[in-house]
Amino acid sequence: MARARLFRAAKLLNSTMRTSSGDQAVDSILQTDESKRKGDLGSGSYIVTIGIGTPEHNQALIVDTGSDLTWTKCRQSTNQLLFNPSSSTSFNTGTRCCYGINYNDDSSSTGYLAEDKFTITSADVFSGIHFGCGEKEAKFNSNTAGVLGLSRHELSFPSQTATTYNNIFSYCLPSFGRTGHLTFGSTRISESAKFTLIVTLPKTPYLYGLDIVGITVGGQKLEILPSTVFSNPRAIIDSGTVITRLPPKAYAALRSAFKEYMKNYTTALLDTCYDPKGFDTMVVPKVSFSFGGGTDVELGLNGILYRVDASHVCLAFAGNEKDDEVAIFGSVQQMTLQVVYDKAGGRIGFAQNGCS
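Rules used in this analysis
Residues numbered from 1 in each chain as written. Predicted model: local features only at pLDDT ≥ 70, side-chain atom pairs only at ≥ 80, totals over all residues. Heavy atoms only, no water. Helix = DSSP H or I, 4+ residues; strand = E, 2+ residues; numbered from the N terminus. Buried < 20%, exposed > 50% of the residue type's maximum accessible area, 1.4 Å probe, protein only. Contact = heavy atoms within 4.5 Å. Disulfide = S-S within 2.5 Å. Salt bridge = Lys/Arg side-chain N within 4 Å of Asp/Glu carboxyl O. Pairing = 2+ DSSP bridges. Axes fitted to C-alpha atoms, helices over the stretch in contact; angles between N-to-C directions. pLDDT = per-residue confidence, 0-100. UniProt positions renumbered as here; feature names shortened; annotations may be inferred. Patch = residues over 30% accessible without salt bridge, like charges linked within 9 Å, V, L, I, M, F, W, Y side chains within 5 Å. Areas by Shrake-Rupley, 256 points an atom, 1.4 Å probe, with all protein chains shown as cover.

1. Concerning the overall build of the chain
Working step 1: Looking only at helices and strands, the chain features 5 helices and 31 strands.
Working step 2: Taking all 356 residues of the chain together, 55% fall into the buried category.
Working step 3: For the chain, restricting intrachain contacts to residue pairs at least 6 apart in sequence, the fraction spanning at least 24 positions comes to 67%.

Printed below as a string of structure tokens:
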């Protein structure tokens, strides 16, 4: 088992309001800047430091369960964010093979495949890990070195280290000012974790598919019609997507229920955004997701509202443009949970208070 500290890649905003009653006390509302996310993969993402090469060179990599290939920026440079292949005695390109990756936020990386030593801790060192040596990037966060690919693909880091970690890892995405963790292996998985089966999506078989069977707002299960809304094309869980994306009908039901619950508060900017100023208390309905197998996951307050600025807190969900687009359970909704990826067992688990 190896555990690495996990941090936010971008500075967040925070706000504090006192509450005395209600379903959820608004103690600290956090947000990741979604407008930045659309043009910059690093904003609102989470990073870990991985040692690459001999001697090891620490690289700040974005934790991404939606990416297959691990890659880092490679240059003949002394810049600490860049990996210099010529400085590593264990670096090997073999037969030079090129790669190109385009992300949904229009960022991209191109380069060639290579092998080198990866160091997680002093006791967890792996030789001959395949990764991408990036020669050119577009619209990518300049403060991060690359991406740690954690999907189910054979080139992902969990797959390449399966003989040691048995294709099991977990993480807790921290709230503002906190440190989370990325843990490989199973020894620190919470005994209270509840599991749901991984679903394989035909067009994206290497992603971690989820079977969402219901959403509850304020203790009431949403009536989402038709009942097959989440059946095709189902959903995935992705640490690299910030805001949860729902099918249009599901988002409309969530939005309507939330607005009804918050009708006594002044809207601002958008009809699902509110001005917290002037209120001594703000009562927010609890929101929970139900997954296949009877697994219910209650979201933290950070997964329900995010703060845009001092005058606006907004519902932290968005609707897909089309019914046939995959739903995505994003990183904001995963915040402070321990999320367990057990590829060997074909399941994903959730436990409360995962960063403690």
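2. Re the state of the cysteines
Working step 1: According to the stated counting rule, one finds 3 disulfides in the structure shown.
Working step 2: Disulfide pairing places cysteine 74 opposite cysteine 133 at an S-S distance of 2.0 Å. Disulfide cysteine 74-cysteine 133: torsion about the S-S bond near -105°, hence left-handed. With a gap of 59 residues between them, cysteine 74 in the loop between strand 7 (71–73) and strand 8 (98–102) and cysteine 133 in strand 10 (residues 124–138) connect regions that are remote in the sequence.
Working step 3: With relative accessibility at 6%, the residue cysteine 74 sits in the buried group.

3. Describing the pattern of salt bridges
Working step 1: For the structure shown, the criterion picks out 8 salt bridges.
Working step 2: For the salt bridge of arginine 255 with aspartate 271, the shortest nitrogen-to-oxygen distance reads 2.4 Å. Linking arginine 255 in helix 4 (residues 248–261) with aspartate 271 in strand 22 (residues 270–274), this pair joins segments that are 16 residues apart in sequence.
Working step 3: We classify aspartate 271 as partly exposed; its relative accessible area is 30%.
Working step 4: Across the salt bridge formed by aspartate 271 and lysine 259, the nearest N and O atoms sit 3.2 Å from each other. Taken together, the residues aspartate 271 in strand 22 and lysine 259 in helix 4 connect sequence positions 12 residues apart.
Working step 5: Classification of lysine 259 as partly exposed rests on a relative accessible area of 29%.
Working step 6: Where salt bridges share partners, they join Arg255, Lys259 and Asp271 into one cluster.

4. Observations regarding the sheet that holds strand 21 (residues 267–268)
Hydrogen bonding along the main chain pairs the strands of a sheet, whether they run parallel or antiparallel.
Working step 1: Pairing is antiparallel across the open sheet formed by 4 strands, whose spatial order is 21-22-27-26. Among the strands making up the open sheet, the edge pair consists of strand 21 and strand 26 (305–309).
Working step 2: Across 2 bridges, the pairing between strand 22 and strand 27 (residues 312–315) is antiparallel. The residue of strand 27 that forms the bridge with tyrosine 274 is valine 313.
Working step 3: On top of the sheet, helix 4 reaches strand 22, strand 26 and strand 27; it is set at about 55° to strand 22, its chief contact.

5. A look at the pairing of strand 11 (residues 146–149)
Working step 1: Both strand 6 (residues 57–64) and strand 11 contribute to a ladder of 4 bridges, which runs parallel. For isoleucine 62, the partnering residue across the bridge sits in strand 11 and is valine 147.
Working step 2: The pairing of strand 7 with strand 11 spans 2 bridges and is classified as antiparallel. Counterpart to threonine 72 in the pairing with strand 11 is glycine 146.

6. Comments concerning the sheet that holds strand 18 (residues 220–221)
Working step 1: Spatially, the 4 strands line up as an open sheet ordered 18-17-24-25, and their pairing is antiparallel. This sheet does not close on itself; its edge strands, each paired only once, are strand 18 and strand 25 (295–298).
Working step 2: Two strands pair when backbone bridges link them, and strand 17 (residues 212–217) and strand 24 (residues 287–291) are joined in this way by 5 bridges, in the antiparallel orientation. Note that in strand 24 the partner of isoleucine 215 across the bridge is phenylalanine 289.

7. Some words on the confidence of the model for the chain
Working step 1: Chain-level pLDDT for the chain is 85 on average; 88% of the residues reach the 70-or-more range.
Working step 2: In this model residues 10–43 is a low-confidence stretch, pLDDT under 50, and it forms 107 contacts with partners more than four residues away in sequence or in other chains.

8. Topic: the environment of glutamate 321
Working step 1: Tracing the backbone shows glutamate 321 in the loop between strand 28 (317–319) and strand 29 (327–329).
Working step 2: Sequence-wise, glutamate 321 and leucine 246 are 75 residues apart; in three dimensions their C-alpha atoms are separated by 9.3 Å.

9. Let's talk about the environment of glutamine 160
Working step 1: On the secondary structure map, glutamine 160 appears in helix 2 (residues 157–160).
Working step 2: A sequence separation of 31 residues divides glutamine 160 from isoleucine 129, and the C-alpha atoms of the two residues are 6.9 Å apart.

10. Regarding the UniProt feature "active site" (unreviewed entry) in the chain
Working step 1: Mapped onto this numbering, the UniProt entry annotates "active site" (unreviewed entry) at Asp64 and Asp238. In three dimensions, the annotated residues from a span of 175 residues occupy one location, with a maximal C-alpha spread of 6.9 Å.
Working step 2: Turning to its location among the elements, aspartate 64 is positioned in strand 6.
Working step 3: According to the relative accessible area criterion, aspartate 64 is buried, its value standing at 6%.
Working step 4: Once residues lying within four places of it in the same chain are set aside, the contact partners of aspartate 64 are Tyr103, Val147, Leu148, Gly149, Leu150, Ser151, Asp238, Ser239 and Gly240.
Working step 5: Tracing the chain through its elements places aspartate 238 in the loop between strand 19 (235–237) and strand 20 (244–246).
Working step 6: Overall, aspartate 238 belongs to the buried group, its relative accessible area being 9%.
Working step 7: If we ignore the near neighbours within four places in the chain, the residues touching aspartate 238 are Asp64, Thr65, Gly66, Ile328, Phe329, Gly330, Ser331 and Gln334.

11. Examining a nonpolar patch on the surface
Working step 1: A contiguous nonpolar surface patch, about 280 Å² in accessible area, is contributed by Leu269, Leu270 and Val308.
Working step 2: Among the residues examined, leucine 270 registers a relative accessible area of 53% and is labelled exposed.

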